[in-house]
Amino acid sequence: PFGAPPRALSRSESHPGARSASATFASLLAVAKAKSAGGAAKRPLLSPTRAPSKPAAPPPGGLGADGRCTDAVSSSADCDHEGRPYNMNLVVVNFANVGIKFGKQMGFGKFHWEGVRRCLKYLTREMNLKAIGIIFENWKGLDGIDSPQEVRGIPNDIRDMCESVEQTPRSTGAHQRSADDEMTIKCAYRRNCRMLDNDNYRDWLQVLQNKRLRDWLHSSQERLHMKYYFDSGLGCFETLDGNHLKAAEVHAEKDGAKGGGKGHGTGKPSSS
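The model shown is predicted, which means the values in this text are computed figures rather than measured ones.

Colleague: What is the right way to look at helix α6 (residues 179-191) in this model?
Modeller: Note on helix geometry: an α-helix contains 3.6 residues per turn, so any two residues three or four positions apart are oriented the same way. Relative to the 18 Å expected for 13 residues at 1.5 Å per residue, α6 spans 18 Å between its end C-alpha atoms, a close match to the ideal helical length. Of the residues trailing α6, N192 is marked for its positive phi of about 50 degrees.

Colleague: What exactly am I supposed to notice about the pairing of strand β8 (residues 237-240) here?
Modeller: Consecutive residues of a regular strand have side chains that alternate between opposite faces of the sheet. Along β8, the buried face is formed by F237 and T239; none of E238 and L240, which line the opposite face, is buried. Here four bridges tie strand β7 (residues 225-230) to β8, and the two strands are oriented antiparallel to one another. Residue Y229 lies in a different strand from β8, and its bridge partner there is E238.

Colleague: Please explain the state of the cysteines as it appears in this structure.
Modeller: What we call a disulfide is simply a covalent bond connecting the sulfur atoms of a pair of cysteines. Taken as a whole and judged by the stated rule, the model has zero disulfides. For the unlinked cysteine C119, the closest cysteine sulfur is that of C162, found at 8.9 Å. Owing to a relative accessible area of 0%, C119 belongs among the buried residues under this scheme. Here C193 is not disulfide-linked; the sulfur of C187 is the nearest cysteine sulfur, at 8.5 Å. C193 gets classed as buried once you look at its relative accessible area, which sits at 0%.

Colleague: Can you help me understand the sheet that holds strand β5 (residues 164-168) in this one?
Modeller: Where strands meet in a sheet, backbone hydrogen bonds hold them as pairs that are either parallel or antiparallel. Pairing in this open sheet of six strands is mixed, and the strands run β5-β2-β1-β6-β7-β8 from one edge to the other. Every interior strand has two partners, whereas the edge strands, β5 and β8, have only one. Strand-to-strand, the axes of this sheet are offset by a mean angle of 30 degrees, without reference to chain direction. Against the sheet, helix α3 (residues 95-105) touches β1 (87-94), β2 (130-136), β5, β6 (193-196) and β7, its axis set at about 20 degrees to β7. Contacts from helix α8 (residues 211-224) reach β1, β6 and β7, with the element oriented near 75 degrees to β6.

Colleague: Whenever I open this one, the packing of α3 against helix α4 (residues 113-126) confuses me. Can you help?
Modeller: At a closest axis distance of 7 Å, the pairing of α3 and α4 adopts a crossing angle of 115 degrees. Here α3 is positioned roughly perpendicular relative to α4, judged by the angle of their axes. The two elements α3 and α4 cross, and the hand of that crossing is right-handed. Facing F95, V98, G99 and F102 of α3, the residues of α4 in contact are W113, E114, G115, V116, R118, C119 and L120. Broken down by class, the residue content of the contact of α3 with α4 amounts to seven nonpolar, two polar and two charged.

Colleague: Explain the environment of T184 here, please?
Modeller: For T184, the position within the fold is in helix α6. Judged by relative accessible area, which is 0%, T184 ranks as buried.

Colleague: For this particular structure, what's the right way to read the packing of α6 against α8?
Modeller: Two packed helices can be described by the angle between their axes and the distance between those axes. One can describe the packing of α6 onto α8 by two numbers: an axis separation of 11 Å at closest approach and a directional angle of 85 degrees. What the angle tells us is that α6 and α8 run roughly perpendicular. Contacts between α6 and α8 pair I185, K186, A188 and Y189 from the former with R212, L213, W216 and L217 from the latter. Per-class residue counts for the contact of α6 with α8 are six nonpolar, no polar and two charged.

Procedures and definitions
- Residues numbered from 1 in each chain as written.
- Predicted model: local features only at pLDDT ≥ 70, side-chain atom pairs only at ≥ 80, totals over all residues.
- Heavy atoms only, no water.
- Helix = DSSP H or I, 4+ residues; strand = E, 2+ residues; numbered from the N terminus.
- Expected span 1.5 Å × (residues − 1).
- Buried < 20%, exposed > 50% of the residue type's maximum accessible area, 1.4 Å probe, protein only.
- Pairing = 2+ DSSP bridges.
- Disulfide = S-S within 2.5 Å.
- Axes fitted to C-alpha atoms, helices over the stretch in contact; angles between N-to-C directions.
- Contact = heavy atoms within 4.5 Å.
- Parallel < 35°, antiparallel > 145°, perpendicular 65-115°, else oblique.
- Left-handed = near helix turned anticlockwise from the far one by under 90°.
- Nonpolar A, V, L, I, M, F, W, Y, C, P; charged D, E, K, R; others polar.

Below, the structure written as structure tokens:
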């Protein structure tokens, strides 16, 4: 008479809001998965790449990437006719020229190492230059002021004041008598630096076999060739520096003449 017992209601039937929230959550989750899958399909795969290398440091002002002077300064006194910057902190010294000059002037009659010693002390201590010496191999010369003695080879203190001492081979033949002069010029050319020797090198301007070397000596001698003297009363060494502004002007004129008038000078000799 009372009929079947009532059916128990499920949680969703007893709480309609819970079913609605569950359906909403499932819908949002499906949308999120679809977006994620679509983004992954569109995103390109990243291939491993090398880290970018640091750009090379720019060369010093006025120099090109190859370390040579640019056109803007190639005719100035800072570079030679090949565009190489001068090394004004280094000097090649002809030891025989210096030692013979001192020995004869100071009454010893021949080469004396004391002249070379005083020369190097001046160059390295007072002018803060680095020096490279040139001397014939197996050289014999006097050393010592009060009791000069003949010594063979290069004194140790002379070597210590130099970056290096280059020894000229002793070759037979009259054409090799000035091989130390030739070696002085060539060592200075390869380093594009100063050279010290009281020889004017007039003959070498004509007889050097290497044309590039002849051109360098012709265009750079005014700038790089150092002269000197010894004070007979004091025995001290001094350089003859001359007028460097005039030397730079002559250098520019020579470059201008060789380069078709690109230099700063007129190419005409000065009347002064």
